[in-house]
Amino acid sequence: MWHIIWSFSFCVVQCSELSDFEYILDLQLAKNLVLAGVKSVTLHDEGAVELWDLSSNFVFSENDVGRNRALACVQKLQELNNAVVISTLTTKLTKELLSDFQAVVFTDITQDKAVEFNDFCRNHHPPIAFIKAEVRGLFGSVFCDFGPEFTVLDVDGEEPHTGIIASISNDNPALVSCVDDERLEFQDGDLVVFSEVRGMTELNDGKPRKIKNARPYSFTLEEDTSSFGAYERGGIVTQVKQPKVLNFKSLREALKDPGDFLLSDFSKFDRPPLLHLAFQGLDKFISEHGRFPVAASEEDAQNLVSIVSDINEGAGDGKLDDINPKLLRSFSFGARAVLNPMAAMFGGIVGQEVMKACSGKFHPLFQFFYFDSVESLPTEPLEPSVYRPLNCRYDAQISVFGSKLQKKLEDAQVFVVGSGALGCEFLKNLALMGVSCKGQGKLTVTDDDVIEKSNLSRQFLFRDWNIGQAKSTVAASAAAAINSHLHIEALQNRVGPETENVFDDTFWENLSVVINALDNVNARLYVDQRCLYFQKPLLESGTLGAKCNTQMVIPHLTENYGASRDPPEKQAPMCTVHSFPHNIDHCLTWARSEFEGLLEKTPAEVNAFLSNPSEYASAMRNAGDAQARDNLERVLECLDRERCETFQDCITWARIKFEDYFANRVKQLAYTFPEDAATSTGAPFWSAPKRFPRPLQFSTADTSHLHFLMAVSVLRAETFGIPIPDWVRNPSKLAEAVDRVMVPEFQPKKDVKIVTDEKATSLSTASIDDAAVINELLMKLEQFRANLQPGFRMKPIQFEKDDDTNYHMDMIAGLANMRARNYSIPEVDKLKAKFIAGRIIPAIATSTAMATGLVCLELYKVLDGGHKVEDYRNTFANLALPLFSMAEPVAPKVVNHRDMSWTVWDRWIVNDNPTLRELLKWLSDKGLNAYSISCGSCLLYNSMFPRHKERMDKKMVDLARDVAKLELPPYRRHFDVVVACEDEDDNDIDIPQVSIYFR
């Protein structure tokens, strides 16, 4: 899906006149662009690899020290995508060399040189997009200039919003109302076009019209419709996306008059103007001293403060009241270092800006963006000696955080759940940061999935030759190749209740932190509950296309992940999908369901019956419902009149299915509910959002009809183990075989019941005769089984979206598009069908890199251990807009009792294998009267039951085993009980879960 080819050349520029330490950002950026599939990437660097570079560069090793950095990168970057041309420049850069490129990124250049190159890019015809990006310790900046007039073709990348019309008034202005199926997303001033409107056909001319007074289900049209025909029914209104022209300032102008800065953290609304001065001051410091400020050098920091103060004094009306010397001190201390999390984050941001510059898709960053994460610094004061380099690969990181935090990183016990797109980025980041690389440190990664071809566009640790291998194993090996000191173990277990023997109490208790890299909510919720239970920090993140979010779940400081959740995604009613679709999503949902029913579920049911007929019959009789009856009918049809023995049988079956799906069912529906049908209230039955269908007339001259039949025939043959002849791919021969099929004539039936209730959960209708019908069907099945060859089995087919040669998506796209034609719904190509039917969560390398960079900035805080809740940040970002929104996490709810307080994070632990009496005494000492104790669904004690007093001197573990029938495997050392309590005033009070340790 995301192997997008952008037709442009791109140059990452590294100038050696400053230092050798900024190329790391280039590699993070270049990696994202190569994964995106740009036409070409050119790397410029005159410097050589140094040991310092290994702190943040995932392609360098100790063996590369001394080599030219651009040349050292090419091979490993090329492995990411062979379709991208990657080249290098290792000589002095001249302005003339830039003429061959559409976008240029400078990551290490003096301000004067940047202004000179920017002027050249602006004056070039056409203008060359110019981006300047810097990462200095925990501070970063981006400047974009895409020329005097840059046209954005699509400002947000979202699909145009649509609405289904319910009514249009003959007024000036006209009021347009839409069905309340979904809220409208229109805004005042939007342009829209109308289609399929009946009655008021004047609106179907395709002319964009402006709207105002946009409401959730209505808007006003800035047009007089009083002379138009009266609205009858139907109609779709669709937003028309308008291009936007941006007038960028040159860097020369913007340095003096930067305009509005793009904010990321509203608690730091005054920070961007200060950082604007700070980066200029750093440039001047370097030009005066020929070097960066030395880490922890108070003299250099004071010098930088003085320079910034002088620049501020000359700023005129833009002069700041406070230049925050403490912040500038931190800026100076870390200015030489490029930290991997910062490089990852800015590599994501800048990578997206490059693609905006050359595609016109998404709104560019306009024009300065400044960011800092000084909250990531250790909370305790440190001696200057801890910042001194140790002549190791982590020296850049040590120069910012000191050697004490570096040791905490190396000794950390980390659990990464998932090794897909996020997981690959996390493993790369952790390896470069030195996490779990010494002493007792250990990184455990688990993922039960295998590598597919579609993963390669964003899961950058995987290569073509890894397809089919376990994700976690390959990712762990790749991470160890980045840093050979990494202590990493790869598992292929899903994290859930069924693997608590693998991820047992000891495993969770020994962890320092958990990092989620998951793609589904249920798994996230389970890990969240485990972290809550064992009081472990959880760093959560997710991506959706250009959007990403991060959430920090910190014991006793923040609410847990499950405390606030998005509402569940709205599902289309079953009757809508089956009989009344009104968009392509409905058609594809139906197509995916039919594929699975025909090719997977029914063959599996056949095999279940054939493998053990008596057990299968017993199960069907015990169920005795409409679903069991339907299953038996499908099995019987498959083994009786729909059984295939030759490939011609498969073609016959496919042709009859076409007629059934796209002609007969539609004729029956139109017979049951004619176009002029009315509801019980007299309203038109076929009113919006319902669309009246028309049957299709099959034709071998229609290539889409023929291709659909070919796909269905091939897959049907696979389920029966029938050889597939080569001639099936010859359209003329296939047409001849199809023409031989005799299609029965269809006659609509009067007594057919079609479900119209949107609340219905099943299309099957129960009958008092279900049991008798099931018995009759089972008898018939036994008769047909006797006629089958011994050992006959079908081959169920599981849907696989990533194999373009298996005909799965051909069948699903064909089913959906034929159905769309029935209902006059716009069709989609195979790629879009794959995206929807395959339930692909859109993921791109840029947003993934940004999310993981932000999380790893929080990881510094977690492992340091002394940060307050206000130091942490949750983030939502949308690189398409661009939008960055960072906020302090929400604190957990606190319950107070006596001199105690607790939150959802607390779990009370009772050791020494207590008796019931001892547990009650333990609670009583806290001023709590326990009147009920339960384990699972069983009551172990209730003060109202006299016989429960006989249990007072029994061990709690024995009560759990004997009463609750709790099974306690050898790896379990405790069990949990829920206690209902009252305080001294007889008020109920919620207390934490109580864990009883018996070993």
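An unreviewed UniProt entry lists the chain under the name E1 ubiquitin-activating enzyme, with Rhododendron griersonianum as the source organism. What the UniProt record of the chain gives under Function (unreviewed entry) is the line "Activates ubiquitin by first adenylating its C-terminal glycine residue with ATP, and thereafter linking this residue to the side chain of a cysteine residue in E1, yielding a ubiquitin-E1 thioester and free AMP." The UniProt entry for the chain carries this comment under Sequence similarities (unreviewed entry): "Belongs to the ubiquitin-activating E1 family."

Q: Quick rundown of a nonpolar patch on the surface? Include the residues and the values.
A: Residues Phe876, Leu881 and Leu883 make up a contiguous nonpolar surface patch of about 220 Å² in total accessible area. With respect to the helices, strands and loops of the structure, leucine 881 is situated in the loop between strand E22 (874-878) and strand E23 (883-887). Since its relative accessible area comes to 34%, leucine 881 is described here as partly exposed.

Q: Account for the sheet that holds strand E20 (residues 538-544), with residues named and values stated.
A: The strand order across the open sheet built from eight strands is E18-E17-E16-E19-E20-E21-E22-E23, with neighbouring strands paired in mixed fashion. Either end of the sheet is taken by a strand with one partner, and the two such strands are strand E18 (488-491) and E23. In this sheet, neighbouring strand axes are inclined to one another by 10° on average, regardless of whether the strands run parallel or antiparallel. Pairing of strand E16 (residues 413-417) with strand E17 (residues 442-446) involves five bridges; the strand directions are parallel. Directly across from valine 414, in E17, lies its bridge partner leucine 443. Where helix H25 (residues 845-864) meets the sheet, its contacts fall on strand E19 (513-516), E20, strand E21 (547-553), E22 and E23, and the angle it forms with E21 comes to roughly 15°.

Q: For the UniProt feature "domain: Ubiquitin-activating enzyme E1 C-terminal" (unreviewed entry) in the chain, give the residues involved together with the corresponding values.
A: Sequence positions flagged by UniProt for "domain: Ubiquitin-activating enzyme E1 C-terminal" (unreviewed entry) are, in local numbering, residues 872-994. Each end of residues 872-994 is marked by a C-alpha atom, and these two atoms are 29 Å apart; helix forms 13% of the span and strand 37%.

Q: Can you tell me about the pairing of strand E13 (residues 236-240), naming the residues and giving the values?
A: Relative to E13, strand E8 (residues 162-168) runs antiparallel, the two being bridged by three bridges. Residue glycine 163 lies in a different strand from E13, and its bridge partner there is valine 237.

Q: Describe unusual backbone geometry, and please don't skip the residues or the numbers.
A: Omega for the peptide link from alanine 688 to proline 689 comes to 10°, which places this bond in the cis form. Tracing the backbone through its elements, the reader meets proline 689 in the loop between helix H19 (647-672) and helix H20 (703-720). Looking along the chain, the bond that leaves leucine 881 and enters proline 882 is cis, with omega of -20°. Its location among the elements puts proline 882 in the loop between E22 and E23. In the Ramachandran plot, alanine 296 falls in the positive-phi region, its phi being about 65° despite a non-glycine side chain. Given a relative accessible area of 12%, alanine 296 falls into the buried group.

About the criteria used
- Residues numbered from 1 in each chain as written.
- Predicted model: local features only at pLDDT ≥ 70, side-chain atom pairs only at ≥ 80, totals over all residues.
- Heavy atoms only, no water.
- UniProt positions renumbered as here; feature names shortened; annotations may be inferred.
- Patch = residues over 30% accessible without salt bridge, like charges linked within 9 Å, V, L, I, M, F, W, Y side chains within 5 Å.
- Areas by Shrake-Rupley, 256 points an atom, 1.4 Å probe, with all protein chains shown as cover.
- Salt bridge = Lys/Arg side-chain N within 4 Å of Asp/Glu carboxyl O.
- Helix = DSSP H or I, 4+ residues; strand = E, 2+ residues; numbered from the N terminus.
- Buried < 20%, exposed > 50% of the residue type's maximum accessible area, 1.4 Å probe, protein only.
- Pairing = 2+ DSSP bridges.
- Axes fitted to C-alpha atoms, helices over the stretch in contact; angles between N-to-C directions.
- Contact = heavy atoms within 4.5 Å.

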